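Residues per chain are reported as follows:
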Amino acid sequence: MAGSETQGSSGNSHLGAIVGWGSLTIATVAFIWFVMGQLAVGWEGRNNEALDLTWNYQAPDLPYKLKDQTIAVGNAARAKGGFVGVFNWSAVQDKGPVYKVTLIWKDGSATRKATWTVDLEHKTVSAADDEAKGFMTPVAATGGG
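Now for a quick tour of the structure. (Residues numbered from 1 in each chain as written. Predicted model: local features only at pLDDT ≥ 70, side-chain atom pairs only at ≥ 80, totals over all residues. Heavy atoms only, no water.)

## Notes on unusual backbone geometry
Despite not being glycine, V86 shows a phi value in the positive range, around 50°. Along the chain, the position of V86 falls in strand 1 (residues 84-95). Non-glycine residue K123 carries a positive phi angle of around 55°. The topology assignment puts K123 in the loop between strand 3 (110-119) and strand 4 (124-127). On the basis of relative accessible area, K123 is assigned to the partly exposed category, the value being 48%. (Helix = DSSP H or I, 4+ residues; strand = E, 2+ residues; numbered from the N terminus. Buried < 20%, exposed > 50% of the residue type's maximum accessible area, 1.4 Å probe, protein only.)

As structure tokens, this is what we get:
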């Protein structure tokens, strides 16, 4: 009789272990799914924030914020008899909190394009190409665009 009670106890402990480990597995999967969802969400659709961060960025040597630099470049070109204008800004998410912000504008009959890399998490803006670097130099040094 004592042997059959031990066997019954042993059988119940296996069932408890299976239910316990199964519950733990399900809880772990649910937790991972929740955390991954939280990490993935939050950076999408923040194009306007990337644009605003870029527009308000002021490079160390630049007397203006980037959005105001468009006015300075246009005015300098007009003062020399040229035309620089029709500025069009856009932002596209690259990966996670990183966005690519692009400025396209007319310089006489030519179309020019500059791109910045914007990290929303760290609130940083950096030139992604030579056009962006050139656009961030003072107007007097560039000759107006």
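## Quick notes on the pattern of salt bridges
Applying the stated criterion across every chain, the model contains five salt bridges. Between R46 and E49 there is a salt bridge whose closest N-O contact spans 2.7 Å. For R46, a relative accessible area of 25% translates into the label partly exposed. Of the charged contacts in the structure, one is a salt bridge between R112 and E131, with a shortest N-O distance of 2.8 Å. Of this pair, R112 sits in strand 3 while E131 sits in helix 4 (residues 130-135); the two residues are 19 residues apart in sequence, bridging distant segments of the chain. (Salt bridge = Lys/Arg side-chain N within 4 Å of Asp/Glu carboxyl O.)

## Concerning the nonpolar core
Core analysis: the largest hydrophobic core is formed by 26 residues, its most contacted members being A50, L66, W89, V101, W116, V118 and F135. Elements with a minimum of two residues in this core: helix 2 (47-55), helix 3 (66-79), strand 1, strand 2 (98-107), strand 3 and helix 4. Element by element, the count of residues in this core is highest for helix 3, at five residues. (Core = buried A, V, L, I, M, F, W, Y, C linked by side-chain atoms within 4.5 Å.)

## Regarding the sheet that holds strand 2
An order of 1-2-3-4 is seen for the four strands of this open sheet, with the pairing classed as antiparallel. Edge positions in the open sheet fall to strand 1 and strand 4, since each of these has one partner strand only. Strand-to-strand twist in this sheet, taken as the mean axis angle between neighbours without regard to direction, amounts to 25°. The pairing of strand 1 with strand 2 spans nine bridges and is classified as antiparallel. Within strand 2, the position partnered with G85 by the bridge is K106. Against the sheet, helix 2 contacts strand 1, strand 2, strand 3 and strand 4, and its axis sits at roughly 125° relative to strand 1. (Pairing = 2+ DSSP bridges. Axes fitted to C-alpha atoms, helices over the stretch in contact; angles between N-to-C directions. Contact = heavy atoms within 4.5 Å.)

## Quick word on the packing of aromatic side chains
For any pair of aromatic rings, the description consists of the separation of the ring centres together with the inter-plane angle of the planes. Going through the model one piece at a time under the given rule, you end up with six aromatic pairs. Seen from their ring centres, W105 and F135 are 5.2 Å apart, and the 55° between their planes marks the pair as tilted. Linking W105 in strand 2 with F135 in helix 4, this pair joins segments that are 30 residues apart in sequence. Grouped by ring-pair contacts, the aromatic residues W55, F87, W89, W105, W116 and F135 constitute a single cluster. Sitting above the plane of the W55 ring, K67 keeps its charged end 3.8 Å from the centroid. (Phe/Tyr/Trp six-rings, centres within 6.5 Å; stacked < 30°, edge-to-face > 60°. Lys NZ or Arg CZ within 6 Å of the ring centre and 35° of its normal.)

Interpretation note: all reported values are geometric properties and have no functional meaning in isolation.
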